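Breakdown of the fold
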Amino acid sequence: MTTEDAVTTEAVDSLRGTDDPRLRELLTALIRHLHAFTRETRLTRQEWETALGFLTETGQTCTGTRQEFILLSDVLGLSMLVETVNGYSDPGSTESTVLGPFHLTESPVRDLGADLDLAGTGEPCVISGVVRAADGTPLPGAVLDVWQADPNGFYDVQQPDVQPPGNGRGLFTADDEGRFWFRTCVPSAYPIPTDGPVGALLKATGRHPYRPAHIHFIVSAAGHAPVTTHIFVAGGTHLDSDAVFAVKKSLVKDFTPTDDPALAAGYGVPNPFRHARFDPVLERS
């Protein structure tokens, strides 16, 4: 008669011929943890069938512009845990956070100072800063991939018939002193998509789907490790209850109301406007 422990032993032993040692390590741990979970919870056949149906539906919900599996990883805290486990060793480096499910299209190359708010529907805002190494040295030619939702909380890929392609997205190259700046609109808090299996999971567990207002960045430079991160709007809602657990105190930035006609004219925005400063710091690779 096969015992519970014997099933686990046989499954692990079946990996003996795996040539890749890291793959063998990962699959061995996965089998052991899944089997331990099954024994601990006394998982029923019906519960396992429900789980398989949920995962199947999650895969079927994915499209070229929607990644439901990333969303599932996010709401379970797994994405943020992976980022934390792989955090950089230099405490002065910009902290990483989740990629999110909407980095699904290539950001258009834009000149410094360009406006990401192609629809012109939001509160004007300027983001500026300097990309530096951990020792404070500016990093000329650093690349910043930026994307954000519109003022109503939707990304361009969610509303292809409403938003212009590339709205809220831009790929910028810092100048010879590591400086960058661009125009956009102040982001707003928004709910993650709830019309799929992940939304049903949130509802079943009594959780809200909201993310605090933020702008996404991937910052990279030669000889340095890239960082995937956000900046969050200080004082906004849901900073203490982000649906994907991604808020870090160091990434919360003031979007300062600014009443300066000359400065507004220099940036090419109406006065008054909001101004946020973000100075990414990259660790050497």
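Below is a summary of the structure that appears in this document.

Rules behind the numbers
Residues numbered from 1 in each chain as written. Predicted model: local features only at pLDDT ≥ 70, side-chain atom pairs only at ≥ 80, totals over all residues. Heavy atoms only, no water. Axes fitted to C-alpha atoms, helices over the stretch in contact; angles between N-to-C directions. Helix = DSSP H or I, 4+ residues; strand = E, 2+ residues; numbered from the N terminus. Parallel < 35°, antiparallel > 145°, perpendicular 65-115°, else oblique. Contact = heavy atoms within 4.5 Å. Nonpolar A, V, L, I, M, F, W, Y, C, P; charged D, E, K, R; others polar. 1 Å grid on protein atoms, 1.4 Å probe; cavity = no way out; pocket = protein on both sides within 12 Å on 5 of 7 lines; lining within 4 Å. Points joined across faces, edges and corners; volume = space filled by probe spheres on them.

A few words on the packing of helix α3 (residues 45–61) against helix α4 (residues 68–75). Where α3 meets α4, the closest approach of the two axes is 7 Å, and the angle between their N-to-C directions is 125°. Looking at the two axes, α3 sits oblique to α4. Contact residues: α3 offers F54, L55, T58, G59 and T61, while α4 offers E68, F69 and L72. Of the residues belonging to the contact of α3 with α4, the class tally is 4 nonpolar, 3 polar and 1 charged.

Here the largest pocket defines a volume of roughly 410 Å³. Looking at the largest pocket, it is lined by 14 residues, and the ones nearest its centre are L34, H35, F37, T38 and L43. Of all the elements, helix α2 (residues 21–41) adds the most residues to the lining of the largest pocket, at 6 residues. Class assignment of the residues belonging to the lining of the largest pocket gives a composition of 6 nonpolar, 4 polar and 4 charged. Taken as a whole, the second largest pocket encloses approximately 280 Å³ of empty space. Along its surface, the second largest pocket is lined by L30, W48, L55, L72, S73, L76 and L78. For the lining of the second largest pocket, the elements supplying multiple residues, two or more each, are α3 and α4. Partitioned by chemical class, the residues of the lining of the second largest pocket number 6 nonpolar, 1 polar and no charged.

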